[in-house]
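# Architecture and fold: a report
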Amino acid sequence: MSILRLAFAWQNASFFENIQLATFFYGALFDAVTLALLALPYAFFSLPLQWRASKLYRVAGKAYLVLIALFVLVLNTWDIAYFSYTQKRSSFSYFTHLLTGTETSSLAGEFLAEFWWLPILFIGLLFVFIRILQKQPRNRTIPSSKPKAWVFYLLSLFVTFSLARGGFSLRPISIIDATALTNLEQAPMVLNTAFTVLKTSRYEDPKKVQYLSDNELARFLPSGQRKVHAHLPDHTNVVVIMLESFGTVYAGPNSKQSYTPFLDSILSKGLFCEKAIANGRTSMDAVPAILAGMPSWQNESYILSPFCTNQIDALPSFLKRKGYHTSFFHGAKTGSMNFDDFTKAIGVDHYYGLEQYKGPEAFDGNWGIWDHAMFSFFADELSTFKAPFFSTIFSLSSHHPYLLPATYKNRVRKGPEPLCATISYTDQALKAFFKKASTKTWFKNTLFVFVADHVGPTRSAAHQTLPDRYHIPIGFYHPGQNLQGLYSKQHDATAVFQQIDIFPTILDMLGYDNQAFCFGQSLFAKEQGAKMVYENGSLILFKGPSKTLDIYSWMPFEKRAATKQERVYIRELQANYQNYQHRLIENRCCKGR
């Protein structure tokens, strides 16, 4: 496991500002805890009885140890490579989703080609382990009557159990303890994937936290009462464009190295949120946040959590009740990342995946339909819908393995990373979509919302800070309305804006605000809730009083001295997290519940 951690550090060093020697010692502790957890059944059945000397026991015991080795090696080897896409250790549900997802098999070839050395490392370590196991001496006759043997058995069982708990504290060691021992940035280096999978494999209903009384809670949460800022025409169409991996590092008007000139020009004409953040690190975090204002402030993505069957308010279901046609487009195979099931649950009537695409052959050989083809198909299909309509398209080409259509290879702008060229390509596909859409009758009465799903992976050392890992472009554009002129005096352009704020902002602009429940707040609301994300058991508050995007992080169970201002930040985080957790547990995420 230490060898795997060294390989992890070597492969992913660019994602950490600095790697401290202490993290390897803390990591060894978590490795020992992991092995003790897995070895508990073996230790329990190591009774000092005669049957322990039998051939059946020896074979079963060695087989179990090999299973432990396979479990540890497979998971940790996998995340050496996969960490570069999510920058967090995989959980049980996310790992099983990746293994059973519709897109995994098609990506296996590319994955193995890029990380060819990992299977060699895996086979080598497994071979060494089995060879060592084979050289272990056979058990001789067990003196079951000797008290010394039983004392040794009970002592070893006690030590194994204590180590599996992580010591003698009131609660067993957990994922969040890695953050407490080091910090948020170093936590993935301390953890190992076998540990995170074990700790998330048996989801237990969370116990309600009670940081604040009901009276105190009201002080730190927005009242929910606000003035509606409806300026858009009746029956305005709404199109949400989600852009894969378009982090501010390489995309958007406030990017110093932007590869998206068309997107930048559109957002500069519309209402651009300069300090915008994603509420998660994966695409599965983004879709619930954007379409339903539902953040994943827990160890699992909301889509994969037991709460995914809760009754929630969402943009598609709300607008459908107002007479809108609802649809969702994603060029991957139907079933990819559970988007089809989730969007259906929140009111999307028509789902268009790879199988529903109509047009020239455009399969990229891995994920699905090239962006330029899917965007063109999207424009044509929108013209067949009865207005008003609500539709979402989720791009996919700016994702690993970062391939380009042959006709675009010499047209894109290349950068220091493969991601840059694919972002440039998707920007050109977006430009072609707008050129085509501008000829349609529905175009001038449509509100376009642009938002990245999450920040794309970057190995740039200058962009490994927590703010950079969540900073994304978000903006609103209406070709028939001057949004800057309509709203310039009604919002703070420098305030922090998050994905879950998109839902209430759209309702506000359409004149429907205060009619649906959401954890976010409209861009124009005077009372704003916490702009926050959840990472490795910690809550991170984003603030924007200065020109930069600042953060304050807080860990439950953390005890440290805090200034007066920091105590306010902590109470704000506690209030929002408590409200979120209670509402999820009690299924109160709908208006009136």
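Structure shown above.
Structure report, in brief.

Reading the values: the criteria
Starting afresh in each chain, residues are numbered from 1 along the sequence in its written order. In keeping with the predicted nature of the model, local features appear solely for residues at pLDDT of at least 70, side-chain atom pairs appear and are counted solely at 80 or more, and the whole-chain, interface and lining totals rest on all residues. Think of the side-chain values as coming from all heavy atoms in the structure, minus any hydrogens and water. Points on a 1 Å grid, built from protein atoms alone, make a cavity when a 1.4 Å probe fits but cannot get out and make a pocket when they are open with protein on both sides within 12 Å along at least 5 of 7 lines; residues with an atom within 4 Å of a point are the lining residues. Grid points are joined across faces, edges and corners, and a volume is the space filled by probe spheres set on the points. Only DSSP runs of H or I with at least four residues qualify as helices, and only runs of E with at least two residues qualify as strands; both kinds are numbered from the N terminus onward. All amino acids are sorted into three groups, where Ala, Val, Leu, Ile, Met, Phe, Trp, Tyr, Cys and Pro are nonpolar, Asp, Glu, Lys and Arg are charged, and the leftover types, Gly among them, are polar. When a residue's accessible area, from a 1.4 Å probe over protein chains only, is under 20% of the maximum for its type it is buried; when over 50% it is exposed; and in between it is partly exposed. When DSSP finds two or more bridges between two strands, those strands count as paired. Lines fitted to C-alpha atoms define the axes, with helix axes restricted to the stretch in contact, and inter-axis angles between N-to-C directions lie between 0 and 180 degrees. The contact criterion used is simple: two residues touch if any of their non-hydrogen atoms lie within 4.5 Å. In what follows, roughly perpendicular refers to angles from 65 to 115 degrees, roughly parallel to angles under 35, roughly antiparallel to angles over 145, and oblique to any angle outside these ranges. Throughout, a crossing is termed right-handed when the near helix is turned clockwise from the far one, and left-handed when it is turned anticlockwise from it by less than a right angle. In protein, a polar contact means a hydrogen-donor-capable atom and an acceptor-capable atom, both N or O and within 3.5 Å, with residues adjacent in sequence counting only if both atoms are side-chain atoms; elsewhere, any N or O pair within 3.5 Å suffices. For this analysis, a salt bridge means a side-chain nitrogen from Lys or Arg found within 4 Å of a carboxyl oxygen belonging to Asp or Glu. Here the aromatic set is Phe, Tyr and Trp, taking the six-membered ring for Trp, and pairing holds for ring centres within 6.5 Å; pairs whose planes are under 30 degrees apart are stacked, those over 60 apart are edge-to-face, and all others are tilted. For a lysine, the NZ atom is tested; for an arginine, the CZ atom; a charge sits over a ring if that atom is within 6 Å of the ring centre and within 35 degrees of the ring normal.

## Remarks on empty space enclosed by the protein
To find leftover empty space, a probe the size of one water molecule is rolled over the atoms. In this structure the tally under the stated criterion is 7 cavities of 30 Å³ or more. Its boundaries defined by the atoms lining it, the largest cavity holds a volume of some 330 Å³. If you trace the largest cavity, you find 23 residues lining it, with Lys88, Arg89, Gln298, Asn299 and Asn536 closest to the centre. Every element with two or more residues in the lining of the largest cavity is listed here: helix 10 (193-201) and strand 10 (532-535). The class makeup of the residues in the lining of the largest cavity is 5 nonpolar, 12 polar and 6 charged.

## Section: the pairing of strand 10
Burial along strand 10 is two-sided: the face carrying Met532 and Tyr534 and the face carrying Val533 and Glu535 are both buried. The pairing of strand 10 with strand 11 (residues 538-543) spans 4 bridges and is classified as antiparallel. By the bridge assignment, Val533 is partnered in strand 11 with Ile540. Between strand 10 and strand 11, which pair antiparallel in sequence order, lie 2 residues; one of them, Asn536, sits at a positive phi of approximately 50 degrees.

## Side note on the sheet that holds strand 12 (residues 550-554)
The antiparallel open sheet is built from 3 strands, whose spatial order is 10-11-12. What marks the edges here is a single partner per strand, and that holds for strand 10 and strand 12. Between one strand and the next, the sheet's axes are offset by a mean angle of 25 degrees, whatever the strand orientation.

## With respect to helix 12 (residues 261-269)
Residues of helix 12 that are buried: Phe262, Leu263, Asp264, Ile266 and Leu267. Those residues of helix 12 that are buried lie in contact with strand 1 (237-243), strand 2 (271-273), helix 17 (418-437), strand 7 (446-452) and strand 8 (474-477).

## Overview of the sheet that holds strand 8
Spatially, the 7 strands line up as an open sheet ordered 2-8-7-1-6-4-5, and their pairing is mixed. With partners counted over all chains shown, the strands left at the sheet margins are strand 2 and strand 5 (350-352), one partner each. Averaged over all pairs of adjacent strands, the angle between their axes in this sheet comes to 10 degrees, without regard to strand direction. As defined by bridge partners, strand 4 (residues 325-330) adjoins strand 5 across 3 bridges and the pair is classed as parallel. Bridging across to strand 5, Phe328 finds its partner in Tyr351. Set on the sheet, helix 16 (residues 371-382) makes contact with strand 1, strand 4, strand 5 and strand 6 (389-394); between it and strand 6 the angle comes to about 175 degrees.

## Considering unusual backbone geometry
Only a minority of non-glycine residues have a phi that is not negative, and only a minority of peptide bonds are not trans. The linkage connecting Ala387 with the following residue, Pro388, adopts the cis geometry, with an omega of 0 degrees. By the element assignment, Pro388 lies in the loop between helix 16 and strand 6. A positive phi is found at Asn514, a non-glycine position, where the angle reads about 75 degrees. Its location among the elements puts Asn514 in the loop between helix 20 (502-510) and strand 10.

## Topic: the packing of helix 1 (residues 2-12) against helix 2 (residues 21-44)
Where helix 1 contacts helix 2, the two axes come as close as 10 Å, and the packing angle between them is 135 degrees. When the interaxial angle is binned, helix 1 and helix 2 end up oblique. Of the two elements, helix 1 crosses helix 2, and the hand of that crossing is right-handed. On the side of helix 1, the interface is formed by Ser2, Arg5, Leu6 and Ala9, while helix 2 contributes Phe24, Gly27, Ala28 and Asp31.

## Re the packing of helix 2 against helix 7 (residues 147-165)
Between helix 2 and helix 7, the shortest axis-to-axis distance is 8 Å and the interhelical angle comes to 145 degrees. Judged by the twist between their axes, the crossing of helix 2 over helix 7 is left-handed. For the pair formed by helix 2 and helix 7, the contact residues are Ala32, Val33, Ala36, Leu37, Leu40, Ala43 and Phe44 on the first element and Tyr153, Leu157, Thr160, Phe161, Leu163 and Ala164 on the second. For the contact of helix 2 with helix 7, the residue count by class is 12 nonpolar, 1 polar and no charged.

## Points about the environment of Glu216
Tracing the chain through its elements places Glu216 in helix 11 (residues 214-220). On a C-alpha basis, the gap between Glu216 and Ile19 in space is 40 Å, while along the polypeptide they are 197 residues apart. A polar contact is formed between the side chain of Glu216 and the backbone nitrogen of Ser213, at a distance of 3.0 Å.

## Some details on the pattern of salt bridges
For side chains bearing opposite charge, pairing can occur when the charged atoms are close. Enumeration over the complete set of coordinates arrives at 9 salt bridges. A salt bridge links Lys208 to Glu586; the shortest N-O distance between them is 2.3 Å. Pair noted here: Lys208 is in the loop between helix 10 and helix 11 and Glu586 is in helix 21 (residues 564-586), with a separation of 378 residues, a long-range link. Lys208 sits in the partly exposed class, given a relative accessible area of 42%. Glu586 sits in the partly exposed class, given a relative accessible area of 31%. With a closest N to O distance of 2.8 Å, Asp501 and Lys531 form a salt bridge.

## Here we look at helix 20
Across the 9 residues of helix 20, 9 count as buried, placing the element largely inside the fold. Looking at helix 20, one finds that the buried residues are Ile502, Phe503, Pro504, Thr505, Ile506, Leu507, Asp508, Met509 and Leu510. Positive backbone phi, at 95 degrees, marks Gly511, one or two positions downstream of helix 20.

## Examining the packing of aromatic side chains
Here the structure, examined in full by the defined rule, presents 46 aromatic pairs. Geometry around Phe8 places Arg89 over its ring, the cationic atom sitting 4.0 Å from the centre. Directly above the aromatic system of Tyr408 lies the positively charged group of Arg411, at a separation of 4.1 Å from the ring centroid.

## Topic: the side chain of Asp264
Structurally, Asp264 is set in helix 12. Here Ser258 takes part through its side chain, which lies 2.6 Å from a polar atom of the side chain of Asp264. Those residues within four positions of Asp264 in sequence are excluded, and the remaining contacts are Gly252, Pro253 and Ser258.

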